[in-house]
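Secondary and tertiary structure notes
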Amino acid sequence: MRRLLAVTVAAVTAAGLLAGCGEDKNWAKNCATSADQVIECEPENRPQVSGVTGELLDGAAYDLASDAGKVVVVNFWGSWCPPCRAEADDLEKTYQATKAKEVAFIGVNNRDDRDSAVNFERGRVTYPSMFDPDAKLAIKFDPTQATTPGTLILDRQGRIAVAIRRATTLAELQPLVERVAAEDLPTATQKRTEGGA
């Protein structure tokens, strides 16, 4: 009897949590969503992302807090995913074009094995990726609609400014990243930009 009660309580609790995710925690409903699956949020509607830590593909530790004050582009990918292959070159080109503007990139490799992921990245991208074989980190970044491939652009306050729910391209991603990066430039960067240095 006690076991049945515990199972019932757990089921009711889980149902309540899922209902909460569908309503109260669905930040995207307060943002503009285009027909092609791009969600853009005004600053007052951006959800905060924090407490994300994990292991990089090379075994080193990563903490999102280490990129505080930067715009962070988070790309969810897997070596098993053909659209991920198609977008990898455009992600790397966007990274190279924007990193001087205090922009960091981090990949999140999910539902993969480490060797396949490392081989996939070799020669494609130079920014690091976290290893997330069970797709648990994806939920920490975006609990409502994590997709693979998918890309989030976090503003300098660590909030989701843009979510792209499919593969992206250089022509689409770079202007979005640059727009978010221009919102609140750090003072030193602003002076370099204004001074032409």
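Look a little higher up for the structure.
For the structure given in this document, a descriptive report is provided here. Note that this is a predicted model, so its numbers are computed, not measured.

Let us now look at the nonpolar core. Of all hydrophobic cores here, the largest spans 23 residues; its most connected members are Trp27, Leu64, Val74, Met130, Phe141, Leu152 and Leu154. Of all the elements in the fold, those that place two or more residues in this core are strand E5 (71-77), strand E6 (103-110), helix H4 (136-141), strand E8 (150-154) and strand E9 (160-164). Setting aside anything within four residues of it in sequence, one finds leucine 154 in contact with Val49, Leu64, Lys70, Val71, Val72, Val74, Phe141, Arg159, Ile160, Ala161 and Val180. Within the second largest apolar cluster, 18 residues are counted, among which are Val38, Val73, Ala161 and Leu176.

Our focus in this paragraph is the packing of aromatic side chains. Aromatic rings considered in pairs are described by the distance between their centres and by the relative angle of their planes. Scanning the model with the defined rule gives five aromatic pairs in all. On the numbers, 5.5 Å between centres and 70° between planes, the contact of tyrosine 95 with tyrosine 127 is edge-to-face. In this pair, tyrosine 95 sits in helix H2 (residues 82-98) while tyrosine 127 sits in the loop between helix H3 (114-121) and strand E7 (129-132), placing the two residues 32 residues apart along the sequence. Among the aromatic residues, those joined into a ring-pair cluster are Tyr95, Phe105 and Tyr127. Taking the ring centre of phenylalanine 120 as reference, the NZ or CZ of arginine 124 above it sits at 4.3 Å.

Side chains Ser129 and Phe131 project from E7 onto one buried face, and the interleaved Met130 and Asp132 project onto a second face that is buried too. Note: E6 against E7, four bridges, orientation parallel. By the bridge assignment for E7, asparagine 110 is matched with aspartate 132. Taken together, E6, H3 and E7 form a β-α-β motif whose crossover is right-handed.

In this section: the sheet that holds strand E2 (residues 38-40). Strand order across the open sheet formed by seven strands is E1-E2-E9-E8-E5-E6-E7, with mixed pairing between neighbours. Two strands in the sheet have a free side with no partner beyond their single neighbour: strand E1 (32-33) and E7. Two elements, E8 and E9, share four bridges in a ladder whose sense is antiparallel. Bridge pairing in E9 links leucine 152 to alanine 163. Running over the sheet, H3 touches E5, E6 and E7 and is turned about 120° from E5.

Attention now goes to the pairing of E8. Of all five residues in E8, five are buried, a share of seventy percent or more. Side chains Gly150, Leu152 and Leu154 of E8 all project onto a buried face; the interleaved residues Thr151 and Ile153 project onto the opposite face, where all are buried too. What sits between the antiparallel neighbours E8 and E9 is a turn of five residues, in which glycine 158 has the positive phi angle 80°.

Reading guide: rules and limits
- Residues numbered from 1 in each chain as written.
- Predicted model: local features only at pLDDT ≥ 70, side-chain atom pairs only at ≥ 80, totals over all residues.
- Heavy atoms only, no water.
- Core = buried A, V, L, I, M, F, W, Y, C linked by side-chain atoms within 4.5 Å.
- Buried < 20%, exposed > 50% of the residue type's maximum accessible area, 1.4 Å probe, protein only.
- Helix = DSSP H or I, 4+ residues; strand = E, 2+ residues; numbered from the N terminus.
- Contact = heavy atoms within 4.5 Å.
- Phe/Tyr/Trp six-rings, centres within 6.5 Å; stacked < 30°, edge-to-face > 60°.
- Lys NZ or Arg CZ within 6 Å of the ring centre and 35° of its normal.
- Pairing = 2+ DSSP bridges.
- Right-handed = clockwise from strand over helix to strand, strands pointing away.
- Axes fitted to C-alpha atoms, helices over the stretch in contact; angles between N-to-C directions.

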